[in-house]
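Examining the three-dimensional arrangement
Listed here are the chains, written in short residue letters.
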Amino acid sequence: MAAEEEDCGNLEERVRKMVDAGYETVAREAVACIRCPLHKSAIKRVIGKGSCNPKVFFL
């Protein structure tokens, strides 16, 4: 359980840093991500659609 909580803390910190860095950073991170098996069969990664400078940003 402690490891899960630690991972969640790291994830929250990573997300905050990416959001602070901006959309381009999030896009680069998503394209480069190999944390789950989905990357092996991915042909195209869809980062999102709409404004790159939204007032609200959901992950």
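The structure contained in this document is the topic of the report that follows. These figures come from a predicted structure and were not determined experimentally.

Analysis parameters
Residues numbered from 1 in each chain as written. Predicted model: local features only at pLDDT ≥ 70, side-chain atom pairs only at ≥ 80, totals over all residues. Heavy atoms only, no water. Helix = DSSP H or I, 4+ residues; strand = E, 2+ residues; numbered from the N terminus. Buried < 20%, exposed > 50% of the residue type's maximum accessible area, 1.4 Å probe, protein only. Salt bridge = Lys/Arg side-chain N within 4 Å of Asp/Glu carboxyl O.

Before going further, it helps to spend a moment on the overall build of the chain. Helices and strands together make up the secondary structure of the chain, namely three helices and zero strands. Along the chain, helices and strands appear, N-terminal first, in the series α-α-α. Among the 59 residues that make up the chain, the fraction classed as buried is 7%.

One pass over the full model with this rule turns up two salt bridges. Residue Arg 16 is joined to Glu 12 by a salt bridge in which the shortest nitrogen-to-oxygen separation is 3.9 Å. Of this pair, Arg 16 and Glu 12 both sit in helix α1 (residues 2-21), separated by four residues, roughly a single helical turn. Among the residues examined, Arg 16 registers a relative accessible area of 54% and is labelled exposed. Two residues, Glu 13 and Lys 17, come together in a salt bridge whose shortest N-O distance is 3.2 Å. Within this pair, Glu 13 and its partner Lys 17 are both found in helix α1, separated by four residues, close to a single helical turn. When its relative accessible area of 54% is taken as the criterion, Lys 17 is described as exposed.

By themselves, these figures tell us nothing about what the structure is for.
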